[in-house]
Amino acid sequence: LFVAADLAVGVEAPLDEAQVHYLRHVMRRPDGAPLLLFNGRDGEWRGTLEGRGKKAAVAQVTERTREQSVEPDIWLCFAPLKRARIDYVAEKATELGVAVLQPILTHHTIVDRVNVERLRANAVEAAEQTERLSVPEVRVPLALGRLLDGWPTERRLLVCDETGGGPPIAQALAGLDETARAAPWAIVIGPEGGFDAAELASLRRIKDVMAVGLGPRILRADTAALAALACWQALVGD
Ligand code: SAM
């Protein structure tokens with residue numbers, strides 16, 4: 001269960017309304033029911049559900065069960081998709097250990113409004129289910145040009161380019177040297193209509209950029225995002 005409170009022995013971590021409803025009315029948990037808690041900073045702690053008045057409840061923290069783990073520093077920059085698909089990307093990228101989800105607005109992006117709050121809730125739920133001890137940061141959409149203007153120089157860019165602009169991703173990542181493997185990374189996925197030429201050119205101007213292919217077929221943007229992230233985690237991250 002993700003809680004905002006600092007976690008230490010004896011802390012009473014307040015639970016929000018949705019969590020109380022889920023525990024009490026969906027899972028029918030009584031007082032004293034065991035809970036596993038994390039806040040993204042202090043590791044995983046065991047606790048018990050304790051009512052506080054008619055509707056409220058807290059998690060009474062008892063002992064630490066896992067040290068805080070650090071997720072590999074990988075961002076996923078992707079053109080937002082229609083609701084069900086973007087929810088799916090948020091959930092699966094969380095399971096795949098992404099650190100930051102950065103929606104990007106490009107020339108062919110079909111969706112210009114993103115419900116960031118809903119994506120954040122999806123990410124929390126996916127982190128709880130996958131038993132991560134951190135929740136990915138979901139950022140507000142940024143125009144690709146803006147994102148690249150302020151690109152952090154130490155972060156390596158892996159551009160998935162279906163126009164055949166680079167080697168297969170597995171070959172490219174397997175050939176990285178130690179410095180590159182230890183660097184922070186970002187995967188960039190284009191919209192359903194693909195990046196336009198100017199966007200590909202601006203992506204290629206980023207220092208240490210790598211353009212890679214994800215196989216001979218054109219993948220939907222959500223498929224491409226998760227294929228690339230899974231490959232990166234398998235060969236570089238985890
Ligand atoms: N330009 C494609 C077309 O006209 O059908 C559509 C782009 S594809 C649906 C969406 C994004 O997924 C692309 O911009 C790229 O980032 C990624 N992608 C899809 N298939 C890929 C592949 N085989 N290799 C590398 N990237 C791919």
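What counts, and at which threshold
Residues numbered from 1 in each chain as written. Predicted model: local features only at pLDDT ≥ 70, side-chain atom pairs only at ≥ 80, totals over all residues. Heavy atoms only, no water. UniProt positions renumbered as here; feature names shortened; annotations may be inferred. Salt bridge = Lys/Arg side-chain N within 4 Å of Asp/Glu carboxyl O. Helix = DSSP H or I, 4+ residues; strand = E, 2+ residues; numbered from the N terminus. Buried < 20%, exposed > 50% of the residue type's maximum accessible area, 1.4 Å probe, protein only.

- In the annotation of an unreviewed UniProt entry, the protein chain is listed under the name Ribosomal RNA small subunit methyltransferase E and assigned to Reyranella soli.
- Word for word, the UniProt comment on the protein chain under Sequence similarities (unreviewed entry) is "Belongs to the RNA methyltransferase RsmE family."

### So, the pattern of salt bridges
Consideration 1: In the structure shown here, the tally under the stated rule is 19 salt bridges.
Consideration 2: Residue Asp 87 pairs with Arg 118 through a salt bridge whose shortest N-O separation is 2.8 Å. You can see Asp 87 sitting in helix H2 (residues 83-95) and its partner Arg 118 sitting in helix H3 (residues 116-130), a full 31 residues away along the chain. Across this residue pair, the class does not change: Asp 87 and Arg 118 are buried.
Consideration 3: Linking Arg 204 and Asp 161 is a salt bridge whose minimum nitrogen-to-oxygen distance equals 3.2 Å. With Arg 204 in helix H7 (residues 197-204) and Asp 161 in the loop between strand E9 (156-160) and helix H5 (169-174), this residue pair connects regions lying 43 residues apart in the sequence.
Consideration 4: A residue is classified by how much of its surface remains accessible, and Arg 204, at 42% relative accessible area, is partly exposed.

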